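A look at the structure
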Amino acid sequence: MNPKSFAFLAVFLLPALLVAEKTTPLRDDWQLQSACKATATGEVISTTRYAPEAWLKISVPSTVLAAQVKAGVFPDPYFGDNLRHIPGTSYPVGHNFSNLPMPADSPYACGWWYRKEFSAPALSAKDNRLWLHFGGINYRGEIWINGRRIADSSAIAGAYRTYDFDITEFVVPGKANILAVKTTAPTEKDLGINWVDWNPCPPDKDMGLWGTVDIVETGSVTVRSPLVVTHFPDASLHIADLTVYAELHNATANPVKGVLAGTTAGVHFEKPVELAAHENQTVVFSPEQFPALRVQDPKPWWPRQMGEPHLEHLTISFNAEGQTTDEQSVNYGIREITSELTTNGSRLFRINGKPILIRGAGWSQDMLLRTDDKRLRDQFELVQDMNLNTIRLEGKLETDEFFRLADERGILVMLGWCCCDHWEQWKDWTPQDLPIATASLRSQMLRLRHHASLLVWLNGSDNPPPADVEKAYLQVESETHWPNPILSSASQAPTTVTGESGVKMTGPYDYVAPSYWYTALKFGGAIGYNTETSPGPAISSLASRRLFLPDPEAWPPTANWSLHYGGGEFVNLKVFDSSMEAVYAKPNSAADYERLAQTMTYDSERAMFEAYSKNKYTSTGVIQWMLNNAWPSMIWHLYDYYLDTGGGYFGTKKACEPLHIQYAYDDHSIDVVNSTYIGAENLRASVHVYGLAWNELYSAQSTVNSNADSAQRVFTVPANLFSGAERIFFIDLSLADSSGHAVSHNFYWVPGTLTTFDWENTDYTHTPAARHEDLTALAHLPPAQIEAHAEIENNAHGREIYVHLANHSKALAFQLRAAARTSSRGLIAPVFWSDNWIELVPGESTTLTARLPEGEANMPVVQIDGWNVAPISLTPTTAVAAR
């Protein structure tokens, strides 16, 4: 059969949530081999008479290199310089491999065959159909079953497309069937998967079956991509108008009559439907036609900190001649997301009519596109623990499990296409590129559109698409009834089609002093919506560095270290390192460097998020670049590849507390920020300012009524305080509820003279300092004596450690860090600490709580250190009483 006759099937998508008994995952017992070694044709390889020799046994989904690494063909590519020794990794360090041709001698210049023997299920009804579903093929492919080609590389092209083929006539139920898929890597002129300057690109360019492969049985008419769209007629939220969509496909050569029926939110609805032979039809149930879909007193879905992320359930099915041909179920949220431009031209998002300050970070998949559901859950818990409300996906369109977790946890997702390769090199597009791009968009719209967590789709990243491409994208988004806002790009560039974006992408991406975020309002500072920005490097702990460096304590850092920096302009850390030496101290060891770096990232990440919080809704959002890393890296993360949390993590967690007290570098104000939709009355705020010798310079207390979703000035530290002889000011802030229970505690070390910025030499990476601030005296703080002991217990939260700390000395204990390690000082992660990188003033005591990872049964060692505190090592004792 002519494979092009099947090409039309490639546009269809089976939804993420399928009826389990009708889906047969093709996960295990695959075989993999290079087409340069397996030289037979697909017609032969896809038959039982072909005898594979020396093929790798693998599971799917898996890229080619991921399969080889799992099989031990290559050592861990993330350790040291191992990646550079894998054949095909000859591109220059720091370059974007997606823009370079595959080396002619690369083993990945060949196609690679995936082969699977499977037993096709017997059909449960005579008119039923079997579908072969591919969740992602990178980049081109040929698909063969039992010696017959069902699609060639003209039909299979595009890393973000999904495919469904009717294979009913190609398989023999109850007998051995052979599926063979030949994949080829994207070229530099393809719309592939791109790692920009975040990390290296693997030498196979992530080629292969990176998405799931399933066999799905349906009846003659399929139901796909169910969607519920919410509109609230007024701000009371007492009524929700629900509109239900479903995509029907008649897989037969005959017309079909039937009934499409659904149930959701206690409402049943149905209507008769007629489909012509092979027809696709979008069926809509509106509240105008079905008044029961005007739901009274609904329970809305809210994002994190704003309320409960309540999910409803939709089931929808098609029945013909008394038989159910297909049924789909999805969870969704009754919520409405809109956006608008504020008076200063900034993009403001609203959830259920209420404004929300977006505070998030940029996500990365694993560099080899490997998936791990437990690791994914751990990462969502880390995002929640930091009090962030949004994750941004630039490309890297994640698994269905990712979006399910986002829905359940109330984490918004900002997603769209990637920058910096063929996706944005529109002038070089061929006539084949736009159909692939729009087919990719259609696949993702239909796959994802029902999720409650989706905030906005971006049709471009660093640049908006030209008018013809943007119009084509908007047409797809209209046809698929995308229910959320759409932006042309993540940058401030307007388009002739949709006008102003209302967002900015002005950097920085490298280190800047904390005061930058309050003063750089023409650049990356706290005005508007900054879609990606960062104070730069994030140095991993020694326990983490041991997992990816052969010389984790080397000083100065070796070439192995630099392979784990960024790419492009970020192949070295010179901006960060020179600032460290000028502002704090010159490190004399890797331990010094780590300590100084953690303090810098704590202070700068905290300031970035606090500045945007103080200025809401003059500022409307900020996305930290990045949240995590695709491989072990010492730049751009809030937790590292191994899920270890450092100073930047705890600075972010502190800044984004639901009720928070903070200091502002621009006007010396002390503000209380309420990031919830509930007011808080009779709060007690206090401020104490000390000099370097711990001499009190100023104090104040006040009762505060904090309105819902507000930023409120409580005190202003007198400006003349900063014009005297003091070089460093310690500012100790606390906020308690009406019962005296601590709500927020925050501590600052502020230079008497802030950094002077060289604004004229600002570039996209950062604004250099014309004169650095001076915090060098911190290196000479008098020693503090800390008393510490630790307890451990099993409770309803898991296995928890309680670390009791008391400062009985007359000196400030500065930047105390507690870490849970194995008895051999190895990493334990993730560990969820209540707080970290803290200060203890003279006479103060506190207890830190740490929840250990699930399954961590061995007794940990607790390490405590600080700038002016001698290292302490504790073995926890069993807690004497339940808490």
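Residues numbered from 1 in each chain as written. Predicted model: local features only at pLDDT ≥ 70, side-chain atom pairs only at ≥ 80, totals over all residues. Heavy atoms only, no water.

Details of the overall build of the chain
For the chain, the count of helices and strands is twelve helices and 48 strands. Over its C-alpha trace the chain gives a radius of gyration of 29 Å, about what one expects of a compact globule, namely 29 Å for 883 residues. Based on the C-alpha atoms only, the size of the chain along its principal axes is roughly 90 × 65 × 60 Å. A total of 883 residues make up the chain; the buried ones form 62% of that total. Long-range pairs, those at least 24 residues apart, make up 72% of the contacts in the chain with a sequence separation of at least 6. When the accessible surface of the chain is summed, it comes to about 31,500 Å², and 50% of that surface belongs to carbon and sulfur atoms. Charged side chains of the chain number 67 positive and 98 negative; the gap between the two group centres comes to 3 Å. (Helix = DSSP H or I, 4+ residues; strand = E, 2+ residues; numbered from the N terminus. Rg over C-alpha atoms; globule rule 2.2 N^0.38 Å. Buried < 20%, exposed > 50% of the residue type's maximum accessible area, 1.4 Å probe, protein only. Contact = heavy atoms within 4.5 Å. Areas by Shrake-Rupley, 256 points an atom, 1.4 Å probe, with all protein chains shown as cover. Lys, Arg positive; Asp, Glu negative; His and termini not counted. Charge placed at Lys NZ, Arg CZ, Asp CG, Glu CD.)

Here we look at the packing of aromatic side chains
This model, assessed by the stated rule, comprises 51 aromatic pairs. With 5.3 Å between their ring centres and 85° between their planes, Tyr 78 and Tyr 641 make a pair best called edge-to-face. A residue pair is termed long-range when its members are at least 10 positions apart, and Tyr 78 in the loop between α2 (64-70) and β5 (112-119) and Tyr 641 in the loop between β30 (619-624) and α12 (647-655) qualify at 563 residues. Using a relative accessible area of 2% as the deciding quantity, one classes Tyr 78 as buried. (Phe/Tyr/Trp six-rings, centres within 6.5 Å; stacked < 30°, edge-to-face > 60°.)

A word on the state of the cysteines
One pass over the full model with this rule turns up two disulfides. Disulfide pairing places Cys 36 opposite Cys 110 at an S-S distance of 1.7 Å. Around the S-S axis, the bridge from Cys 36 to Cys 110 shows a dihedral of about -90° and counts as left-handed. Residue Cys 36 is located in the loop between β2 (30-34) and α1 (42-45), and its partner Cys 110 is located in the loop between α2 and β5; the two are separated by 74 residues in the primary sequence. On the basis of relative accessible area, Cys 110 is assigned to the buried category, the value being 15%. Two residues, Cys 419 and Cys 420, share a disulfide whose sulfurs are 2.1 Å apart. Across the S-S bond of Cys 419 and Cys 420 the torsion is about -80°, and the bridge reads as left-handed. According to the relative accessible area criterion, Cys 419 is buried, its value standing at 2%. Owing to a relative accessible area of 29%, Cys 420 belongs among the partly exposed residues under this scheme. (Disulfide = S-S within 2.5 Å.)

Structural notes on the environment of Lys 616
Structurally, the position occupied by Lys 616 is in the loop between α11 (590-614) and β30. Sequence-wise, Lys 616 and Ala 526 are 90 residues apart; in three dimensions their C-alpha atoms are separated by 8.6 Å. Apart from the residues within four sequence positions on either side, Lys 616 is in contact with Leu 357, Val 673, Asn 674, Ser 675, Asp 709, Ser 710 and Ala 711.

Observations concerning the sheet that holds strand β43 (residues 832-833)
The five strands are arranged β43-β45-β41-β40-β48 in an open sheet whose pairing can be described as mixed. In this open sheet, the two strands that pair with only one neighbour each are β43 and β48 (877-878). Here seven bridges tie strand β41 (residues 798-807) to strand β45 (residues 845-851), and the two strands are oriented antiparallel to one another. Paired with Ala 806 across the two strands is Ser 845, which belongs to β45. (Pairing = 2+ DSSP bridges.)

A few points about the packing of α11 against α12
α12 packs onto α11 with a crossing angle of 25° between their chain directions and a minimal axis gap of 7 Å. Classified by the angle between their axes, α11 and α12 sit roughly parallel to one another. Between α11 and α12 lies a crossing whose hand is right-handed. For the pair α11 and α12, contact is made by Gln 598, Thr 601, Tyr 602, Glu 605, Arg 606, Phe 609, Glu 610 and Ser 613 and by Gly 647, Gly 648, Phe 650, Gly 651, Thr 652, Lys 654 and Ala 655, respectively. Taken together, the residues of the contact of α11 with α12 break down into four nonpolar, seven polar and four charged. (Axes fitted to C-alpha atoms, helices over the stretch in contact; angles between N-to-C directions. Parallel < 35°, antiparallel > 145°, perpendicular 65-115°, else oblique. Left-handed = near helix turned anticlockwise from the far one by under 90°. Nonpolar A, V, L, I, M, F, W, Y, C, P; charged D, E, K, R; others polar.)

Some thoughts on the sheet that holds strand β21 (residues 337-341)
On the basis of which strands lie adjacent, the open sheet formed by three strands has the order β21-β22-β23 and antiparallel pairing. Each edge of the open sheet carries a strand with a single partner, namely β21 and β23 (354-356). Each neighbouring strand pair of the sheet contributes to a mean axis angle of 40°, computed without reference to strand direction. Inspection of the sheet shows β21 paired to strand β22 (residues 347-351) by five bridges, in the antiparallel sense. The partner of Thr 338 across the bridge, within β22, is Arg 350.

Quick look at empty space enclosed by the protein
Applying the stated criterion across every chain yields a total of five cavities of 30 Å³ or more. Counted as a void, the largest cavity has a volume near 250 Å³. Contributing to the lining of the largest cavity are 30 residues, with Asp 644, Thr 645, Gly 646, Gly 647 and Trp 837 lying nearest its centre. Every element with two or more residues in the lining of the largest cavity is listed here: α11, α12 and β42 (813-821). If one sorts the elements of the lining of the largest cavity by residue count, β42 sits on top with five residues. Residue classes in the lining of the largest cavity are distributed as 15 nonpolar, ten polar and five charged. Here the second largest cavity defines a volume of roughly 180 Å³. If you trace the second largest cavity, you find 21 residues lining it, with Val 93, Gly 94, Asn 199, Pro 200 and Leu 563 closest to the centre. Here the residues of the lining of the second largest cavity are counted per class, giving eight nonpolar, ten polar and three charged. (1 Å grid on protein atoms, 1.4 Å probe; cavity = no way out; pocket = protein on both sides within 12 Å on 5 of 7 lines; lining within 4 Å. Points joined across faces, edges and corners; volume = space filled by probe spheres on them.)

Looking at the layout of surface pockets
Roughly 560 Å³ of internal volume is contained in the second largest pocket. Lining the second largest pocket we find 26 residues, and of these Ala 591, Glu 594, Arg 817, Gln 863 and Asp 865 sit closest to its centre. Broken down by secondary-structure element, the contributors of at least two residues to the lining of the second largest pocket are α8 (542-545), α11, β42, β46 (861-866) and β47 (869-874). In terms of residue count, the dominant contributor to the lining of the second largest pocket is α11 (seven residues). Partitioned by chemical class, the residues of the lining of the second largest pocket number ten nonpolar, six polar and ten charged.

Brief notes about the environment of Tyr 50
Structurally, Tyr 50 can be placed in the loop between α1 and β3 (56-58). Judged by relative accessible area, Tyr 50 falls into the buried class, the value being 16%. Sequence spacing of Tyr 50 and Ala 40 is ten residues, and the spatial spacing of their C-alpha atoms is 8.9 Å. Every residue in contact with Tyr 50, bar those within four places of it in the chain, is listed here: Ala 38, Ala 40, Val 44, Ile 45, Trp 55 and Arg 115.

What about the pairing of strand β14 (residues 239-250)?
The element β14 is largely enclosed, with a buried count of eleven among its twelve residues. Bridge count for β14 against strand β18 (residues 294-296) is three bridges, and the pairing is antiparallel. In the strand pairing of β18, Ile 239 is matched with Gln 296. Two elements, β14 and strand β17 (residues 280-285), share six bridges in a ladder whose sense is antiparallel. From the neighbouring strand, Leu 248 faces β17, where its bridge partner is Gln 281.

Focus: unusual backbone geometry
With an omega dihedral of 0°, the bond running from Gly 507 to Pro 508 counts as a cis peptide bond. In this chain, Trp 625 is followed by Met 626 through a cis amide linkage whose omega measures 10°. One can find Met 626 in the loop between β30 and α12. In this structure, Asp 206 takes a positive phi of about 60° despite not being glycine. With respect to the helices, strands and loops of the structure, Asp 206 is situated in the loop between β10 (176-184) and β11 (208-209). With relative accessibility at 0%, the residue Asp 206 sits in the buried group. For Asn 682, which is not glycine, the phi torsion reads 55° and is therefore positive. Relative to the elements of secondary structure, Asn 682 occurs in strand β33 (residues 680-690).

Overview of the confidence of the model for the chain
In this model, the chain carries an average pLDDT of 96, and 97% of its residues clear a pLDDT of 70 or more. Here residues 1-21 scores under 50 on pLDDT; set against residues more than four positions off or in separate chains, the count is 56 contacts. (pLDDT = per-residue confidence, 0-100.)

A look at the environment of Val 69
As for its position among the elements, Val 69 is in helix α2. Along the backbone, Val 69 and Gln 305 are 236 residues apart, and their C-alpha atoms lie at a distance of 41 Å.

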